[in-house]
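A structural walkthrough
Next come the chains, spelled out residue by residue.
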Amino acid sequence: MKIAVPVSEGKLCMHFGHCEQFIIFDVDDNKTIVSSEPHTPPPHEPGLLPRWLSDRNVQLVIAGGMGARAVSLFRERGVNVITGAPADKPDTIVNTYLKGQLITGMNACDH
């Protein structure tokens, strides 16, 4: 499984579409991170990031905030989305998710 986390300044970026990078994690069947790699996204355009990440075989995006249109575009491509994640280090977020212990709050995006 591939999991993407939007990152700015080393932590989860609360505004999905304006992050500096995405860290894409490869996770094995034992729910262990096998590798992670930073990817710099193209300049932000509405609707671009769901296609860009799905083209990299991402199956799950964990975000702080994401607009309803982006969530819908991800789901159309078969990519699951979790919003309301805390602004923490990306590997901490993914490991917490893999343990079934990720606590999410409100979607930090209002559009």
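This text goes with the structure placed above it.
Predicted model only: the values in this text are computed from it and were never measured. (Residues numbered from 1 in each chain as written. Predicted model: local features only at pLDDT ≥ 70, side-chain atom pairs only at ≥ 80, totals over all residues. Heavy atoms only, no water.)

1. Digging into the environment of Glu76
Counted only if it meets this: Helix and strand definitions here come from DSSP, where helices need a minimum of 4 consecutive H or I residues and strands a minimum of 2 consecutive E residues; each element is numbered from the N-terminal end.
For Glu76, the position within the fold is in helix H2 (residues 68-76). In this structure the C-alpha to C-alpha distance between Glu76 and Pro46, which are 30 residues apart in sequence, comes to 15 Å.

2. Considering the packing of aromatic side chains
The geometry of an aromatic ring pair is captured by the separation of the ring centres together with the interplanar angle, meaning the angle of the planes. To keep it simple, the criterion reads: In this scheme Phe, Tyr and Trp rings, the latter by its six-membered ring, pair at centre separations within 6.5 Å, and the angle between planes marks the pair as stacked below 30 degrees, edge-to-face above 60, and tilted otherwise. Accessible area is worked out with a 1.4 Å probe on protein chains only. A residue is then buried under 20% of its type maximum, exposed over 50%, and partly exposed in between.
This model, assessed by the stated rule, comprises three aromatic pairs. Seen in terms of ring centroids, Phe16 and Phe74 are 5.7 Å apart; in terms of plane orientation they differ by 75 degrees. Their pairing is edge-to-face. Taken together, the positions of Phe16 in the loop between strand E2 (11-12) and strand E3 (21-27) and Phe74 in helix H2 put the pair 58 residues apart, joining distant regions of the chain. Summarising the burial analysis for this pair, Phe16 and Phe74 share the class buried. In this structure an aromatic cluster arises from ring pairing among Phe16, Phe22, Trp52 and Phe74.

3. Remarks on the pattern of salt bridges
Going by this rule: By salt bridge we mean one thing: a side-chain nitrogen of Lys or Arg within 4 Å of a carboxyl oxygen of Asp or Glu.
Under the counting rule described, the total for this entry stands at one salt bridge. With a closest N to O distance of 3.7 Å, Asp26 and Lys2 form a salt bridge. Linking Asp26 in strand E3 with Lys2 in strand E1 (residues 2-8), this pair joins segments that are 24 residues apart in sequence.

4. Observations concerning the state of the cysteines
Selection rule: In plain terms, two cysteine sulfur atoms within 2.5 Å form what is called a disulfide here.
All chains considered together, the criterion is met by zero disulfides. We note that Cys13 lacks a disulfide partner, and the nearest cysteine sulfur, in Cys19, lies 5.6 Å from it.

5. Focus on helix H3 (residues 90-98)
Short version of the rule: Directions drawn from the helix axis to the C-beta atoms are what define this arc. By definition, residues are in contact when any of their heavy atoms lie within 4.5 Å.
For H3, the set of buried residues is Pro90, Ile93, Val94 and Leu98. Considered in projection along H3, the buried side chains sweep an arc of 130 degrees and stay on one side of the axis. Turning to H3, the residues buried within the fold contact E1, E2, E3, strand E4 (33-39) and strand E5 (60-62). Positive phi appears at Gly100, one or two residues downstream of H3, with a value of about 75 degrees.

Don't take any of this as a statement about function, it's just geometry.
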